[in-house]
Amino acid sequence: LCRGVPPRQAPGASQREGLPGLSMADPVDKRIPPLVLAYGLAGLIPFLGLPLLGWGLMPSAAGQVCWWQALYGALILSFLGGARWGQAVPAEFPSPFTVSIAMLPSIAGWILLMTASDLGLPVTLAGLAGALLLHFIWDVASPGLPAWYPRLRGLLTAGAVAGLVAGALLAG
């Protein structure tokens, strides 16, 4: 090898592999995969659409619409916890911390739904929004996730929290 001249790359090898300090594992590309983004944005439809439905087309059923939104919010919390659990368990020795903490979103959603009649829908929806924010903070602070994941989660969390706050206002 000549000094200062990077080694030749095999055909089809990534350009990133030849750059000093970078490998295929480095989070260089922060573009959200289009299909993941499309499904994520579609997942915001119940968060944002249900409050609009309650205010516009079905004001007499606002309580029912907000309950549907609470159910969806708890479902998404379970999905996010399951995604983190699934990301951790392929390791030969999964992190007990990650596997344990990944169970909390499902439990939090379940508790919020079970106590909704006592707390009231505005508090339940606000609690779900808070749980989504806490999960977002965990995701952003966690190593080992794709470089684009915090951007995706930021966008989706902002939309979900906005929808849940709108639902809480509608329910209140």
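Okay, so let's go over this structure. Just so it is clear, the structure is predicted and the values come from calculations on it, not from any experiment. (Residues numbered from 1 in each chain as written. Predicted model: local features only at pLDDT ≥ 70, side-chain atom pairs only at ≥ 80, totals over all residues. Heavy atoms only, no water.)

### Observations regarding the nonpolar core
- Membership of the largest hydrophobic core comes to 29 residues, with the highest contact counts inside it found for Phe 47, Leu 125, Leu 128, Leu 132 and Leu 164.
- For this core, the elements supplying multiple residues, two or more each, are α2 (44-55), α3 (62-88), α5 (104-114), α7 (121-141) and α8 (149-171).
- In this view, Leu 125 contacts Cys 66, Gln 69, Ala 70, Leu 164, Gly 167, Ala 168 and Ala 171; residues no more than four positions away in its chain are not counted. (Core = buried A, V, L, I, M, F, W, Y, C linked by side-chain atoms within 4.5 Å. Buried < 20%, exposed > 50% of the residue type's maximum accessible area, 1.4 Å probe, protein only. Helix = DSSP H or I, 4+ residues; strand = E, 2+ residues; numbered from the N terminus. Contact = heavy atoms within 4.5 Å.)

### Considerations on the packing of helix α1 (residues 34-42) against α8
- At their nearest, the axes of α1 and α8 sit 10 Å apart, and the two run at 15 degrees to each other. It follows from the interaxial angle that α1 and α8 lie roughly parallel. Crossing of α1 against α8: the hand is right-handed. Listed contacts from α8 to Val 36, Leu 37, Gly 40 and Leu 41 of α1 are Leu 152, Leu 155 and Leu 156.
- Among the residues making up the contact of α1 with α8, the classes are represented as 6 nonpolar, 1 polar and no charged. (Axes fitted to C-alpha atoms, helices over the stretch in contact; angles between N-to-C directions. Parallel < 35°, antiparallel > 145°, perpendicular 65-115°, else oblique. Left-handed = near helix turned anticlockwise from the far one by under 90°. Nonpolar A, V, L, I, M, F, W, Y, C, P; charged D, E, K, R; others polar.)

### Notes on the side chain of Thr 98
- Examined against the element boundaries, Thr 98 turns out to sit in helix α4 (residues 96-101).
- Sequence-distant contacts of Thr 98, that is, excluding residues within four places in its chain, are made with Arg 84, Ala 88 and Trp 138.

### Quick look at the packing of aromatic side chains
- Across all of its chains, the model carries 2 aromatic pairs by this definition.
- Here Phe 47 and Tyr 72 contribute two aromatic rings whose centre-to-centre distance is 4.9 Å and whose plane-to-plane angle is 65 degrees, an arrangement assigned as edge-to-face. Taken as a pair, Phe 47 in helix α2 and Tyr 72 in helix α3 lie far apart in primary sequence, 25 residues in all. Tyr 72 matches Phe 47 in its accessibility class, with the two residues each being buried.
- An angle of 65 degrees between the planes, with centres 6.0 Å apart, marks the rings of Trp 148 and Tyr 149 as edge-to-face.
- By relative accessible area, which is 17% here, Trp 148 ends up buried. (Phe/Tyr/Trp six-rings, centres within 6.5 Å; stacked < 30°, edge-to-face > 60°.)

### Brief notes about the layout of surface pockets
- In this structure, the largest pocket encloses a volume near 390 Å³.
- Taken together, 18 residues form the lining of the largest pocket, with Gly 40, Ile 76, Phe 79, Leu 80 and Leu 156 sitting closest to its centre.
- Only α1, α2, α3 and α8 provide two or more residues apiece to the lining of the largest pocket.
- Top contributing element to the lining of the largest pocket by residue count: α8, with 6 residues.
- Of the residues assigned to the lining of the largest pocket, the class counts are 14 nonpolar, 3 polar and 1 charged.
- Approximately 170 Å³ is the volume attributed to the second largest pocket.
- What lines the second largest pocket is simply Leu 77, Ile 101, Leu 104, Pro 105, Ala 108, Ala 131, Leu 134, His 135 and Trp 138.
- Counting only elements with at least two residues in the lining of the second largest pocket, the list comes to α5 and α7. (1 Å grid on protein atoms, 1.4 Å probe; cavity = no way out; pocket = protein on both sides within 12 Å on 5 of 7 lines; lining within 4 Å. Points joined across faces, edges and corners; volume = space filled by probe spheres on them.)

### Considering the pattern of salt bridges
- Inspection of every chain in the model, using the stated rule, returns 2 salt bridges.
- As a salt-bridge pair, Arg 84 and Asp 139 come within 2.5 Å of each other at their nearest N and O atoms. Taken together, the positions of Arg 84 in helix α3 and Asp 139 in helix α7 put the pair 55 residues apart, joining distant regions of the chain. Per residue, the accessibility class of Arg 84 equals that of Asp 139, and both read buried.
- Across the pair Asp 139 and Arg 153 runs a salt bridge whose closest N-O atoms are separated by 2.6 Å. Of this pair, Asp 139 sits in helix α7 while Arg 153 sits in helix α8, and the two are 14 residues apart along the sequence.
- Taken together, the salt bridges that share partners define one network made up of Arg 84, Asp 139 and Arg 153. (Salt bridge = Lys/Arg side-chain N within 4 Å of Asp/Glu carboxyl O.)

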